[in-house]
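Structural features, examined
What follows is the residue order along each chain.
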Amino acid sequence: MKIESIKTSDIKTLAYLHKKNLVSPSSKIGQKYLEKLYNLLLSDPKTHLCLLAIDGNEIVGAISATKDLEKTNKILRRLISFPVLFDILKAIILGKITINELLKRIMFERNILKKFPKPYASILTLFIVQNHQRHGTGSLLVKKILSELEKNGTNIFHVDTLISNKKALLFYISLGFNEKEKIYDSVILEKQI
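Residues numbered from 1 in each chain as written. Predicted model: local features only at pLDDT ≥ 70, side-chain atom pairs only at ≥ 80, totals over all residues. Heavy atoms only, no water.

Attention now goes to the overall build of the chain. Secondary structure summary: the chain contains eight helices and seven strands in total. Scaling as 2.2 N^0.38, a compact globule of 193 residues should have a C-alpha radius of gyration of about 16 Å, and the chain matches this with 16 Å. Over its C-alpha atoms, taken along the principal directions, the chain stretches across nearly 40 × 40 × 30 Å. In the chain, the proportion of contacts linking residues at least 24 apart, taken out of those at least 6 apart, comes to 69%. In the structure as shown, the chain presents an accessible area of about 10,600 Å², 55% of it carried by carbon and sulfur atoms. Separation between the mean location of the 31 positive side-chain charges and that of the 18 negative ones in the chain comes to 3 Å. (Helix = DSSP H or I, 4+ residues; strand = E, 2+ residues; numbered from the N terminus. Rg over C-alpha atoms; globule rule 2.2 N^0.38 Å. Contact = heavy atoms within 4.5 Å. Areas by Shrake-Rupley, 256 points an atom, 1.4 Å probe, with all protein chains shown as cover. Lys, Arg positive; Asp, Glu negative; His and termini not counted. Charge placed at Lys NZ, Arg CZ, Asp CG, Glu CD.)

Because an α-helix completes one turn every 3.6 residues, residues spaced three or four positions apart along the sequence face the same direction. Those residues of helix H4 (residues 69–76) lying buried are Leu69, Thr72, Asn73, Ile75 and Leu76. Buried residues of H4, seen end-on, are gathered within an arc of 160 degrees and therefore sit on one face of the element. As for H4, its buried residues are in contact with helix H3 (31–42), strand E2 (48–55), strand E3 (58–66), helix H6 (99–115) and strand E4 (122–128). The N-cap residue of H4 is Asp68: its side-chain oxygen and the backbone nitrogen of Glu70 are 3.2 Å apart. (Buried < 20%, exposed > 50% of the residue type's maximum accessible area, 1.4 Å probe, protein only. Arc of directions from axis to C-beta. Polar contact = N/O pair within 3.5 Å; in protein donor to acceptor, adjacent residues only side chain to side chain.)

Glancing now at the pattern of salt bridges. Tallied over the full model, the rule gives nine salt bridges. For Glu148, the salt bridge identified is with Lys144, shortest N-O distance 3.2 Å. In this pair, Glu148 and Lys144 both sit in helix H7 (residues 137–151), four residues apart, roughly one turn of the helix. Since its relative accessible area comes to 21%, Glu148 is described here as partly exposed. Accessibility expressed as a relative area gives 34% for Lys144, which makes it partly exposed. Linking Lys182 and Glu179 is a salt bridge whose minimum nitrogen-to-oxygen distance equals 3.7 Å. Given the relative accessible area of 47%, Glu179 is considered partly exposed. (Salt bridge = Lys/Arg side-chain N within 4 Å of Asp/Glu carboxyl O.)

Turning next to the nonpolar core. A general tendency of soluble globular proteins is for nonpolar side chains to be buried together. Counting residues in each nonpolar core, the largest one holds 51 residues, and the members touching the most others are Ile63, Val142, Tyr172 and Phe177. Those residues in contact with Phe177 that lie beyond four places of it in its chain are Ile123, Val142, Leu146, Phe157, His158, Val159, Tyr172, Leu189, Glu190 and Lys191. Counting residues in hydrophobic clusters, the runner-up holds eight residues, among them Phe108, Tyr120, Ile183 and Ile188. (Core = buried A, V, L, I, M, F, W, Y, C linked by side-chain atoms within 4.5 Å.)

Take a look at the structure:
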């Protein structure tokens, strides 16, 4: 298993795998949105760290993180364009996502930025393809990204997940994260080094 930085040439495959393996509002909006998301994250390597897990020649997982969630949110606002709004509307009409889900996510992110110290370092995305789950790939990615962020002076890390996602909650707790706060239907976990 190799861990390496995501390259622009990986984005199309990465977005496809993200959509298939991670249940989130961004996945429900669609692959084009995810491709734009990863391109934006890669455009600012001083703020974002994006890693892949590769087994042989196959991408089997990925993780992205930010050193500063407030800055990341400002960057991600650039994603809002007519094509993205059309994709969101299409996802709503097709029943893939509800307006309530979108509003909860927006309000959740606003609450995070008000309640927590800046800069707010956070894992943004993590997924492992189905047949590689429960083999240590996720742990390897999280440990690597936390180690890289720590080298840059970050010593408090956050991640959020849905309260209903018990598998993710247990996974992060097993890596030393502690439940910090519940906001809407999500829980924020924190780890101090």
